[in-house]
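The lines below spell out each chain.
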Amino acid sequence: MNTAMMSAFVRLYHKRNKKGLVYDEVNTLLNDEEYNQILGQLKQVENYDYFISNNLSPIVLSRSQFHFETLENAKILGLNNYVMLGCGLMTAPVLDEEIRLIEVDFKETLETRENRESNSFERVSLNLVDDSLIGLNLNGISFVSMLGVSYYLGFEVVEKILQELSYMLEKGSSIIFDYTNCNYDERYLYQMKLGGALGEKMLTGISYSDLEQLCNRTGYLIYDHLGHIEIKERYYKKYNEVYQSVEPFKNINLCLLVRDKD
C-alpha cells in the first residue's frame, strides 16, 4: 500500500459511506479487493469511521473538490492541455476530445493506471525531483494539477517545477496544488509518520510569504488561496450538518496560480 492507494480508498469510502458530500468521485481506479483489504486494516482502529473521516479524509477530499471546481472553470474559459503531475491513482477527468491529457508520474504508477483506465491517455514517466518537465511541448492554454505532491518535494523542488512550467505555459494557463505551512496540525504529524512508514517522507512546509515571493520570481498570480477556515466553509459546511463534525487540517492550503506574464 502507498499514499496514492490510500487516497483512492478515502475518495471511494466517502462516496459509499458519506454520500459524497465533500467530493463525489464518479469513477475509481481502486478495485474492490484493494478497497476491502484497506478497510479491513482500518477497522482495527477504535471508532474507525470517524478516524477515516477526521484523520485520513480532509486533505484528500478538499483538494479533490477544489480540483473539480477549478478545472470546470478552466474548461469554460477554454482549454488546450490538461497535465496531471504526480497523478497517482486520481481518476482522470472527463474532457472534450480536442483537449490533450498528459499523465505524469513514476513508471510503475503509470503502468498501473494503463491497466485500469479504459482510455488511452498520453503518459510521461518522470521523477519530479530529478527530471525536467521541459519537453512536454504545451501549446495553448494549459491546466496543471499537482495534488498531494508538494509535501514530498520540498520548497526548492517546487520552485524548480514552477520555473520549468513558466517556460512552457502561455499567459492565462493555471496550476493548482495543495501544500502545508509550518503550523502543523497534530493529525498531520501522524500522517508524516504514516508516510515515512510507507517509504514516502513528508518534508517541511512553505510559508505564504515565501509562496508570494516564489510567484513573483516565476511569473504567477495567486488567483485563489484557501486556508483551513475557507476550506471548512466551502467544503465541510454541508457535511458537518449531517455527520459528526470534522475540522480541516489547520496547516493545509489549496492554491490556484495563473500565469500572468508572457
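Conventions used here
- Residues numbered from 1 in each chain as written.
- Predicted model: local features only at pLDDT ≥ 70, side-chain atom pairs only at ≥ 80, totals over all residues.
- Heavy atoms only, no water.
- Salt bridge = Lys/Arg side-chain N within 4 Å of Asp/Glu carboxyl O.
- Helix = DSSP H or I, 4+ residues; strand = E, 2+ residues; numbered from the N terminus.
- Buried < 20%, exposed > 50% of the residue type's maximum accessible area, 1.4 Å probe, protein only.
- Pairing = 2+ DSSP bridges.

**Q** Explain the pattern of salt bridges to me, using residue names and the numbers behind them.
**A** Tallied over the full model, the rule gives 19 salt bridges. As a salt-bridge pair, glutamate 34 and arginine 116 come within 2.6 Å of each other at their nearest N and O atoms. Of this pair, glutamate 34 sits in helix α2 (residues 32-42) while arginine 116 sits in helix α4 (residues 107-116), and the two are 82 residues apart along the sequence. Judged by its relative accessible area of 31%, arginine 116 is partly exposed. A salt bridge links aspartate 224 to arginine 234, with the shortest nitrogen-to-oxygen separation between them at 3.4 Å. Here the residue aspartate 224 occupies a position in strand β6 (residues 220-226), and arginine 234 occupies one in helix α8 (residues 228-242), the gap between them amounting to ten residues. You can call arginine 234 partly exposed: its relative accessible area is 40%. Here the residues in one salt-bridge network are Glu103, Arg113, Glu117 and Arg123, joined through shared partners.

**Q** Any details on the pairing of strand β7 (residues 252-259)? Residues and values, ideally.
**A** Most of β7 sits inside the fold, with eight of its eight residues counted as buried. Of the two faces of β7, the one holding Ile252, Leu254, Leu256 and Val258 and the one holding Asn253, Cys255, Leu257 and Arg259 are both buried throughout. Pairing between strand β5 (residues 174-180) and β7: seven bridges, direction antiparallel. Across the sheet, residue isoleucine 175 finds its bridge partner in β7, namely leucine 257. Bridge count between β6 and β7: six bridges; the pairing is antiparallel. Bridged to tyrosine 220 within β7 is arginine 259.

Remember that the coordinates give geometry; whether it matters functionally is a separate question.
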